[in-house]
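Here is what each chain is made of, one letter per residue.
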Amino acid sequence: MRVTTATKTPTISSAMKVSLVLLFGATVCCIVAISSSAWAYVYKDTSLKKLYGLWETCTKLVNTTRCTGLDLKGLDGWYVATQVLVSFGLGVLVVAMTILMLYVCVSQQTHKHLVFGIVALCFVSSLFIIMGTLIFGLKIPELVSPNDKDYVPSTSWSIYFAACCGGLTFLSGLLMTFDTVTDGYT
């Protein structure tokens, strides 16, 4: 009589799959935020608005919009820091998402150390994106010259997309951490 032992292929938890979806959403939010020219705006009245993005500024008059790229040599340090932090955060996010995608779609085994590596990448990415977003948000009043008291600075939709990206990335890292710790991967 022949005895066979069944080997069970480990399944990837639903939490890991949800984490992958969260990272995908975070990546989309970050790409939209980085590529837009609307992190902040300054307006005087309904006829003049100046938009500030990470890479260009746009001036909107009644029916016309004119955009120009930023001169990197003339930028303040906080502006460059925001560009670097958010860009680096997106790069780390893409690496984390790619590794998690391979882990969820291809892996035949569960590896706790690999998951914790992905979690670390998520937290690093989230930290850089949130730091860059906070720096930009806190420095928005400096976009207005002290002589232009009639101009009002404000945040725009892109900075919220960047903040959402950082939050989703952090949430994904937490979800993977709790899933790994409670399931006892080896």
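These figures come from a predicted structure and were not determined experimentally.

Caption draft 1: Spotlight on the overall build of the protein. When helices and strands are tallied, the protein shows four helices and five strands. What you see in the protein, going N to C, is helices and strands ordered as α-β-β-β-β-α-α-β-α. With 186 residues in all, the protein has 38% of them scored as buried. Within the protein, contacts between residues at least 6 apart in sequence are counted, and of these 69% link residues at least 24 apart. Carbon and sulfur atoms form 65% of the exposed surface of the protein, whose accessible area is close to 10600 Å².

Caption draft 2: Quick look at the nonpolar core. Counting residues in each nonpolar core, the largest one holds 38 residues, and the members touching the most others are Trp39, Leu100, Phe136, Leu143 and Met176. Looking at this core, the elements that each hand over two or more residues are α1 (14-35), β1 (40-45), α2 (77-106), α3 (112-139) and α4 (157-183).

Caption draft 3: Inspection of the packing of aromatic side chains at higher detail. By the definition in use, this model includes eight aromatic pairs. Consider the rings of Trp78 and Tyr79, whose centres lie 5.0 Å apart with planes at 50°: the pair is tilted. Judged by relative accessible area, which is 4%, Tyr79 ranks as buried. Relative to Phe170, the ring of Phe123 has its centre 5.2 Å away and its plane inclined at 45°; by these criteria the two rings are tilted. Of this pair, Phe123 sits in helix α3 while Phe170 sits in helix α4, placing them 47 residues apart in sequence. Counting every residue linked through ring pairs, the aromatic cluster contains Trp39, Trp78, Tyr79 and Phe136. The side chain of Lys49 reaches across the aromatic face of Tyr41, ending 4.9 Å from its centre.

Caption draft 4: Quick look at the packing of α1 against α2. The interhelical angle for the contact between α1 and α2, taken along N-to-C directions, is 150°, at an axis separation of 10 Å. Classed by the angle they form, the pair α1 and α2 counts as roughly antiparallel. Both α1 and α2 take part in a crossing whose hand is left-handed. The segment α1 lies against α2, with Met16, Lys17, Ser19, Leu20, Leu23, Phe24, Ala26, Thr27, Cys30, Ile31 and Ile34 engaging Val86, Ser87, Leu90, Leu93, Val94, Ala96, Met97, Leu100, Met101 and Val104.

Caption draft 5: Broad picture of the side chain of Ser125. Relative to the helices and strands, Ser125 resides in helix α3. The class for Ser125 is buried, based on a relative accessible area of 0%. Beyond its immediate stretch of four places on either side in the chain, Ser125 contacts Gly89, Val92, Leu93 and Thr169.

Caption draft 6: Expanded view of α3. With 28 residues, α3 extends 41 Å between its outermost C-alpha atoms, agreeing within 8% with the 40 Å of an ideal straight helix rising 1.5 Å per residue. Three or more residues of α3 are buried, namely Val115, Ile118, Val119, Cys122, Ser125, Ser126, Ile129, Gly132, Thr133 and Phe136.

Caption draft 7: Quick peek at the state of the cysteines. Counted according to the given criterion, the structure contains one disulfide. Paired by a disulfide, Cys58 and Cys67 hold their sulfur atoms 1.9 Å apart. Because the torsion about its S-S bond is 105°, the bridge between Cys58 and Cys67 counts as right-handed.

Caption draft 8: Spatial organisation of α1. When the terminal C-alpha atoms of α1 are compared, their 32 Å separation across 22 residues agrees well with the 32 Å that a helix rising 1.5 Å per residue should span. Residues of α1 that are buried: Ala15, Met16, Ser19, Leu20, Leu22, Leu23, Ala26, Thr27, Cys29, Cys30, Ala33 and Ile34.

Rules behind the numbers
Residues numbered from 1 in each chain as written. Predicted model: local features only at pLDDT ≥ 70, side-chain atom pairs only at ≥ 80, totals over all residues. Heavy atoms only, no water. Helix = DSSP H or I, 4+ residues; strand = E, 2+ residues; numbered from the N terminus. Buried < 20%, exposed > 50% of the residue type's maximum accessible area, 1.4 Å probe, protein only. Contact = heavy atoms within 4.5 Å. Areas by Shrake-Rupley, 256 points an atom, 1.4 Å probe, with all protein chains shown as cover. Core = buried A, V, L, I, M, F, W, Y, C linked by side-chain atoms within 4.5 Å. Phe/Tyr/Trp six-rings, centres within 6.5 Å; stacked < 30°, edge-to-face > 60°. Lys NZ or Arg CZ within 6 Å of the ring centre and 35° of its normal. Axes fitted to C-alpha atoms, helices over the stretch in contact; angles between N-to-C directions. Parallel < 35°, antiparallel > 145°, perpendicular 65-115°, else oblique. Left-handed = near helix turned anticlockwise from the far one by under 90°. Expected span 1.5 Å × (residues − 1). Disulfide = S-S within 2.5 Å.

It is worth stressing that arrangement in space is one thing and function is another; only the former is reported here.
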